[in-house]
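One-letter residues, chain by chain:
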Amino acid sequence: MANGPKRTTIINQPVSDDAIEAAIAPVATVTEETFKAAETAAQPLREVQGNLRNVVEKGLVETRNAYAKAKSNADEAASAFESSYAAAKAGVVAINAKALDALRANVEANLDFMKSAIAAKNVADYVTLQSEFARRQLEAMTDQTKALSELTRKLAVETAEPIKQQVAKSFRISV
């Protein structure tokens, strides 16, 4: 047993360590050569994998930037709609107040006319009062209509302006 312990094979014959190493040597050489060939073949795949990783990372960065820009634009658009809503609310309140003032003025004018008409001494006085009342009411209605139309125009402009500015900004249009 100078060469080491003996091993037995399936047929119960002793096999030395040298015989085992001699049998494995060609397989080890083939395996080493195969490994080197696989390494050589895998090199372009590693380059492709590295390039693919770089492309994916660049795409991820661009996607994050696009998301941040889209979120910013959405926030600005929401702010524009809030401003538009606030302007519309204020404009409607102003129009309602002006309409109530006109209604109050018309009711007072009608009551004054009724008092005067009841106090009229004859039909000629009544016709004169009626003509004067109709002329004043027509003038008042014209003034009231002008005031309400001006408020409506102002409401339309102030309501549309924030949205108009946001659309222009979003599409890079000069207004």
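Calculation notes
Residues numbered from 1 in each chain as written. Predicted model: local features only at pLDDT ≥ 70, side-chain atom pairs only at ≥ 80, totals over all residues. Heavy atoms only, no water. Helix = DSSP H or I, 4+ residues; strand = E, 2+ residues; numbered from the N terminus. Buried < 20%, exposed > 50% of the residue type's maximum accessible area, 1.4 Å probe, protein only. Contact = heavy atoms within 4.5 Å. Patch = residues over 30% accessible without salt bridge, like charges linked within 9 Å, V, L, I, M, F, W, Y side chains within 5 Å. Areas by Shrake-Rupley, 256 points an atom, 1.4 Å probe, with all protein chains shown as cover. Salt bridge = Lys/Arg side-chain N within 4 Å of Asp/Glu carboxyl O. Phe/Tyr/Trp six-rings, centres within 6.5 Å; stacked < 30°, edge-to-face > 60°.

Caption draft 1: View of the side chain of glutamine 166. With respect to the helices, strands and loops of the structure, glutamine 166 is situated in helix H2 (residues 123-170). Residue class for glutamine 166 comes out buried when judged on its relative accessible area of 12%. Contacts of glutamine 166, omitting those with residues within four sequence positions, involve Asn73, Glu76, Ala77 and Ala80.

Caption draft 2: Here's a closer look at a nonpolar patch on the surface. On the surface, a cluster of nonpolar side chains totalling about 390 Å² of accessible area is made up of Leu100, Leu103, Val107 and Leu111. Mapping leucine 111 onto the fold places it in helix H1 (residues 17-119).

Caption draft 3: Focus on the packing of aromatic side chains. According to the stated counting rule, one finds 2 aromatic pairs in the structure shown. For the ring pair phenylalanine 113 and tyrosine 126, a centre distance of 6.1 Å and an interplane angle of 45° mean the geometry is tilted. With a gap of 13 residues between them, phenylalanine 113 in helix H1 and tyrosine 126 in helix H2 connect regions that are remote in the sequence. Judged by its relative accessible area of 11%, phenylalanine 113 falls in the buried class. Classification of tyrosine 126 as partly exposed rests on a relative accessible area of 37%.

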